[in-house]
Amino acid sequence: MHRRINVTLPEETVKLIDRVSTKGDRSRLIDHAVKQYITEIGRANLRKKLKEGALRRSSRDLALAEEWSLLEDATWPATKR
């Protein structure tokens, strides 16, 4: 299903659209560009949230790694590694 909307764009943007799309194909180009943009924004937000979470938990993760390292050293003598 398609829906007609009225969008105002700068003249230079319209020229760019016309330069890369065939006649009557503006809608498809704009549809594709908007979907790609939204996907990229979503990925960027996910990356940002993952990074923030990793930084927030870094001290806990380091403590766990050190704890496991001590247990591993006690369980597996250096000669068996």
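For the structure itself, look to the data block above.
In short, a report on the structure. It should be emphasised that the depicted structure is a prediction, and the values quoted were computed from it without experimental measurement.

Some thoughts on the overall build of the protein chain
Thought 1: A count of helices and strands for the protein chain gives three helices and zero strands.
Thought 2: Taking the principal axes of its C-alpha atoms as reference, the protein chain extends roughly 75 × 30 × 25 Å.
Thought 3: Looking at charge distribution, the protein chain has the averaged site of its 18 positive side-chain charges lying 7 Å from that of its 12 negative ones.

Observations concerning the environment of Ala33
Thought 1: For Ala33, the position within the fold is in helix H2 (residues 26-56).
Thought 2: Sequence-wise, Ala33 and Leu50 are 17 residues apart; in three dimensions their C-alpha atoms are separated by 26 Å.

A few points about the pattern of salt bridges
Thought 1: Going through the model one piece at a time under the given rule, you end up with five salt bridges.
Thought 2: Ionic pairing is found between Glu40 and Arg43, a salt bridge with its closest N-O pair at 3.1 Å. Placement of both Glu40 and Arg43 in helix H2 is noted, with a separation of three residues, approximately one turn of the helix.
Thought 3: Exposure remark for Glu40: the relative accessible area of 38% places this residue in the partly exposed category.

With respect to the layout of surface pockets
Thought 1: Space inside the largest pocket adds up to approximately 680 Å³.
Thought 2: Taken together, the elements giving at least two residues each to the lining of the largest pocket come down to helix H1 (11-20) and H2.
Thought 3: Its residues assigned to classes, the lining of the largest pocket comprises seven nonpolar, three polar and six charged.

Considerations on a nonpolar patch on the surface
Thought 1: Residues Ile5, Val7, Leu9, Ile30, Val34, Tyr37, Ile38 and Ile41 make up a contiguous nonpolar surface patch of about 740 Å² in total accessible area.
Thought 2: Note on placement: Ile30 falls in helix H2.
Thought 3: Given a relative accessible area of 38%, Ile30 falls into the partly exposed group.

Calculation notes
Residues numbered from 1 in each chain as written. Predicted model: local features only at pLDDT ≥ 70, side-chain atom pairs only at ≥ 80, totals over all residues. Heavy atoms only, no water. Helix = DSSP H or I, 4+ residues; strand = E, 2+ residues; numbered from the N terminus. Lys, Arg positive; Asp, Glu negative; His and termini not counted. Charge placed at Lys NZ, Arg CZ, Asp CG, Glu CD. Salt bridge = Lys/Arg side-chain N within 4 Å of Asp/Glu carboxyl O. Buried < 20%, exposed > 50% of the residue type's maximum accessible area, 1.4 Å probe, protein only. 1 Å grid on protein atoms, 1.4 Å probe; cavity = no way out; pocket = protein on both sides within 12 Å on 5 of 7 lines; lining within 4 Å. Points joined across faces, edges and corners; volume = space filled by probe spheres on them. Nonpolar A, V, L, I, M, F, W, Y, C, P; charged D, E, K, R; others polar. Patch = residues over 30% accessible without salt bridge, like charges linked within 9 Å, V, L, I, M, F, W, Y side chains within 5 Å. Areas by Shrake-Rupley, 256 points an atom, 1.4 Å probe, with all protein chains shown as cover.

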